[in-house]
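Structure at a glance
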Amino acid sequence: MRFSIVKEQQISQLDEELFSLFNFHDYAFMPTNLENLKNMIETKQFDGFYIDVPYQKDISPYLDVLNTKIVDTIIQRNNQYYGYNALYKSLEQILNQHKVILKDKKILIIGNTPQTYTVKKLMQDLHAGEINIVDESLSDDTISYIECYAKHLDSEVVINASYIGMNPNIDQEAIDLNLFSKCDLFIDLVADPIITKMGLVAKERNINYISGLEIRVSQIKRMVELFKNIEISNQVCDDIFKKILIKRSNVVLIGMPSCGKSTIGKILEKKLNKKFIDMDEVIVQNTNVSIPEIFNRSGEAGFRKLETITSKELSKENGLIIGTGGGTIKNKINIDYLKLNGIIIFIDRDLENLITYDPNRPLSSSQEAVKKLYMERYPLYKKYASFIVNNNGCIDECVDNIIKAFHNIKK
């Protein structure tokens, strides 16, 4: 059978990985426009299509059977094309799995995209209350951000159906979720990075959170079910979600200088099949200046700025082991960036087991300096860590504990 992935740009690496995990390989990527797509449908060139934006709404008039205005999956049966909305079905299923009740809830949808129609239709079908769509481009269906902040901070469910926060623009936030005091559920349709900055705010505020990656895995499951005319169990879908999460997540090591980040990182590189990156070495490579010389020229403030730039760039990557500098945790924005695609692991080593001083490290060049840094930073290491792993004994045991913790990650 022949299937086509119809997108304006190359299929994403994430989607390629997911189709492979669902054991679906019988597709061709077809960069196209609407006229070409219509021609492919009229001439019955393919047994099925996955239709990406912006054609999901425009293509429905050319199909034979459909029950939705927005179509993302097309299947040929008995010489007719049937249109389906895999996102609708997958999101409905996820809401059921999370036991979400939306009846009479006030909903705020961010972004007026083809996904928005699907989300709004599902909210209506689940008997939600007032539904507002906020977007920069105003229309009869949308409200402005000014009106959103003036009248709708009491929204109980916020759904990001926009592309804001998507890699590589990972530092963008569509709204300040902190201001929505009644929000008890945040749903994000952005699947890359693993968690967006808005998602981080939701987790920090203990708001129920459904990630775009979870939704994307479920959506591709539904597409494959339609393409192959099979049923895939929820357990298989859950297993694939866990596999893709482990594959794409970075392992971010934090801790004091000489706590073992570099040594452990290189061992993990072989055991987890992930590339080890030392953040300080990246800074040196990018600037062609040593760390002590950066401090001499620009002071600690200049170095910390470079650290933030590097944290942001590394946070866009997947499947790395990142060894951070000892002071990376001094600026929360660094940790926020690194959390988008990473799991933060604190390598905890007692002060007496740390090397007392290093003349090549500007802030730990004496025993007293190391002790002062330890007292200042230790609470921050504990605060930002997803897992804390002791490294006061056997280093192999420490590595095994990190691997065990990493394989228990949840997003």
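Look up: the structure comes first, before these words.
Residues numbered from 1 in each chain as written. Predicted model: local features only at pLDDT ≥ 70, side-chain atom pairs only at ≥ 80, totals over all residues. Heavy atoms only, no water.

**Considerations on the packing of helix H1 (residues 13–21) against helix H8 (residues 234–248)**
Helix packing for two helices is described by the angle between their axes and how far apart those axes are. Following both chains from N to C, one finds H1 and H8 inclined at 140 degrees, their axes separated by 11 Å at the closest point. Considering the angle they form, H1 stands oblique to H8. In the crossing of H1 with H8, the sense of the turn from one axis to the other is right-handed. Residues Gln-13, Leu-14, Glu-17, Leu-18 and Leu-21 of H1 form the contact with H8, whose own contacting residues are Ile-240, Lys-243, Ile-244, Lys-247 and Arg-248. Among the residues making up the contact of H1 with H8, the classes are represented as five nonpolar, one polar and four charged. (Axes fitted to C-alpha atoms, helices over the stretch in contact; angles between N-to-C directions. Helix = DSSP H or I, 4+ residues; strand = E, 2+ residues; numbered from the N terminus. Parallel < 35°, antiparallel > 145°, perpendicular 65-115°, else oblique. Left-handed = near helix turned anticlockwise from the far one by under 90°. Contact = heavy atoms within 4.5 Å. Nonpolar A, V, L, I, M, F, W, Y, C, P; charged D, E, K, R; others polar.)

**Quick notes on the pairing of strand E5 (residues 73–77)**
Most of E5 is tucked away, with four of its five residues classed as buried. Where E5 and strand E6 (residues 80–84) come together, five bridges link them in antiparallel fashion. Bridge pairing in E6 links Ile-75 to Tyr-82. Between E5 and E6, which pair antiparallel in sequence order, lie two residues; one of them, Asn-78, sits at a positive phi of approximately 50 degrees. (Buried < 20%, exposed > 50% of the residue type's maximum accessible area, 1.4 Å probe, protein only. Pairing = 2+ DSSP bridges.)

**Comments concerning the packing of aromatic side chains**
A full pass over the atoms with the stated rule returns 14 aromatic pairs. When the centroid spacing of 5.0 Å and the interplanar angle of 20 degrees are considered together, the rings of Phe-346 and Tyr-381 count as stacked. Of this pair, Phe-346 sits in strand E15 (residues 342–348) while Tyr-381 sits in helix H13 (residues 367–384), and the two are 35 residues apart along the sequence. Comparing Phe-346 with Tyr-381, the two get one shared label, buried. Connected via pairs of aromatic rings, a cluster forms that spans Phe-3, Phe-19, Phe-24, Tyr-27 and Phe-227. In this structure, Arg-2 is placed above the aromatic ring of Phe-46, and the distance from its NZ or CZ to the ring centre is 5.7 Å. (Phe/Tyr/Trp six-rings, centres within 6.5 Å; stacked < 30°, edge-to-face > 60°. Lys NZ or Arg CZ within 6 Å of the ring centre and 35° of its normal.)

**A closer look at the sheet that holds strand E13 (residues 275–278)**
Whenever strands of a sheet pair, they do so through backbone hydrogen bonds, lying parallel or antiparallel. Within the open sheet, the five strands sit side by side as E13-E14-E12-E15-E16. Their pairing is parallel. Each edge of the open sheet carries a strand with a single partner, namely E13 and strand E16 (387–390). If you compare each strand with its neighbour and ignore which way they point, the axes differ by 25 degrees on average. As judged from the three bridges shared by strand E12 (residues 250–254) and strand E14 (residues 320–323), these two strands associate in the parallel manner. Within the sheet, the bridge partner assigned to Leu-253 lies in E14 and is Gly-323. In the packing of H13 onto the sheet, contacts are made with E12, E15 and E16, and the angle to E15 comes to roughly 140 degrees.

**Some points on unusual backbone geometry**
Cis rather than trans, the peptide bond between Asn-167 and Pro-168 has omega equal to 15 degrees. Locating Pro-168 in the fold gives a position in the loop between strand E9 (157–160) and strand E10 (185–188). For the bond from Asp-192 to Pro-193, the omega torsion is 15 degrees, close enough to zero to count as cis. If you trace the backbone, Pro-193 turns up in the loop between E10 and helix H6 (197–204). One non-glycine residue, Asp-104, adopts positive backbone phi at about 65 degrees.

**A few points about the sheet that holds strand E8 (residues 131–134)**
Strands sit in the order E8-E7-E9-E10-E11 across an open sheet of five strands; the sheet is parallel. The two strands at the open ends of the sheet, each matched to only one other strand, are E8 and strand E11 (208–210). Taken pair by pair, the neighbouring strands of this sheet meet at an average axis angle of 15 degrees, ignoring direction. Summarising the sheet, strand E7 (residues 107–110) and E9 pair through four bridges and their orientation is parallel. Note that in E9 the partner of Ile-107 across the bridge is Val-157.

**Points about the pattern of salt bridges**
In this structure the tally under the stated criterion is 21 salt bridges. Here Glu-35 and Lys-38 are joined by a salt bridge, their closest N and O atoms 2.9 Å apart. Of the two residues, Glu-35 and Lys-38 are both situated in helix H2 (residues 34–42); the distance of three residues between them amounts to about one turn of the helix. We classify Lys-38 as buried; its relative accessible area is 14%. A single salt-bridge network, built from bridges that share partners, covers Glu-17, Asp-192, Lys-247 and Arg-248. (Salt bridge = Lys/Arg side-chain N within 4 Å of Asp/Glu carboxyl O.)

**As for the state of the cysteines**
For the coordinates displayed, the defined rule picks out zero disulfides. With no disulfide partner, Cys-183 has as its closest neighbouring cysteine sulfur the one in Cys-148, 11 Å distant. The thiol of Cys-398 is not disulfide-bonded; the next cysteine sulfur, from Cys-259, is found 8.5 Å away. Here Cys-398 falls in the buried class, since its relative accessible area comes to 1%. (Disulfide = S-S within 2.5 Å.)

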